[in-house]
Amino acid sequence: MTAATKLLGIDHGKARIGLAISDPDRKIAFPLATHHRTNRDQDAAYFRKVIADEGVGGLVVGLPIHLNGNEGQAAAAVREFGAWLGELTGLPLVYWDERFTTVEAEAALWDAGLTHKKRKERRDRVAAQMLLQAYLDAGCPADPKAGPLDE
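Participant: So what exactly am I meant to see when it comes to the confidence of the model for the chain here?
Facilitator: Detailed reading of the predicted model is not advised wherever pLDDT is low. Summary statistics for the chain give a mean pLDDT of 84 and a share of 76% for residues scoring 70 or more. Confidence drops under a pLDDT of 50 for residues 147-151, and excluding neighbours within four residues, the segment shows 9 contacts in the predicted structure.

Right, here's the structure in full:
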């Protein structure tokens, strides 16, 4: 992925997509937005706008991996979405293991004392921030591999 550009972290969901953005030096991830999905055309317009407005140079899409390292139906849906988004934007894209990010996001928001409604509003973008920060902390590997947690 091109250096000195921001990365967009994406926590894919059926109804909502959480987004996070890195700084241009790719050291820190920040929660950006939660996109409420409607249809492919509106989703495409939304992603094009975010990418242009934020100066995004690459995409990091959270991949739901089972604890044993295998991919299930949810991962297949994310890979389909990622292929669509990569083709739409022409940006380099990597998939990153998102195990536990939503649980960790919920715990962090709970610890912050937020109400259920406010936690729900922020959960997806904070999960995206956590997966993007993990990717940044790992040195932005070009071809990450996920495996079982017990190894």
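Participant: Looking at this structure, I do not really get the pattern of salt bridges. What am I missing?
Facilitator: Close approach of charged atoms allows side chains with opposite charge to pair. One pass over the full model with this rule turns up 5 salt bridges. Salt-bridge contacts for Arg-79 lead to Glu-71; the nearest nitrogen and oxygen are separated by 2.7 Å. For Arg-79, a relative accessible area of 34% gives the class partly exposed. With relative accessibility at 39%, the residue Glu-71 sits in the partly exposed group.

Participant: Looking at this model, I keep getting lost on the packing of aromatic side chains. Mind explaining?
Facilitator: Enumeration according to the criterion identifies 4 aromatic pairs in this entry. With a centroid separation of 5.8 Å and 40° between ring planes, the pair formed by Phe-81 and Trp-84 is classed as tilted. Taken together, the positions of Phe-81 and Trp-84, both in helix H2 (residues 73-89) and 3 residues apart, correspond to about one turn of that helix. With relative accessibility at 19%, the residue Trp-84 sits in the buried group. Three or more aromatic residues joined by ring pairs make a cluster, and in this case those are Tyr-46, Phe-47, Phe-81 and Trp-84. Above the ring of Trp-84, the side-chain terminus of Arg-40 is found at 4.6 Å from the ring centroid. Here the guanidinium or amino end of Arg-79 rests over the ring plane of Tyr-95, the centre of that ring lying 4.6 Å away.

So, how was this worked out
Residues numbered from 1 in each chain as written. Predicted model: local features only at pLDDT ≥ 70, side-chain atom pairs only at ≥ 80, totals over all residues. Heavy atoms only, no water. pLDDT = per-residue confidence, 0-100. Contact = heavy atoms within 4.5 Å. Salt bridge = Lys/Arg side-chain N within 4 Å of Asp/Glu carboxyl O. Buried < 20%, exposed > 50% of the residue type's maximum accessible area, 1.4 Å probe, protein only. Phe/Tyr/Trp six-rings, centres within 6.5 Å; stacked < 30°, edge-to-face > 60°. Helix = DSSP H or I, 4+ residues; strand = E, 2+ residues; numbered from the N terminus. Lys NZ or Arg CZ within 6 Å of the ring centre and 35° of its normal.

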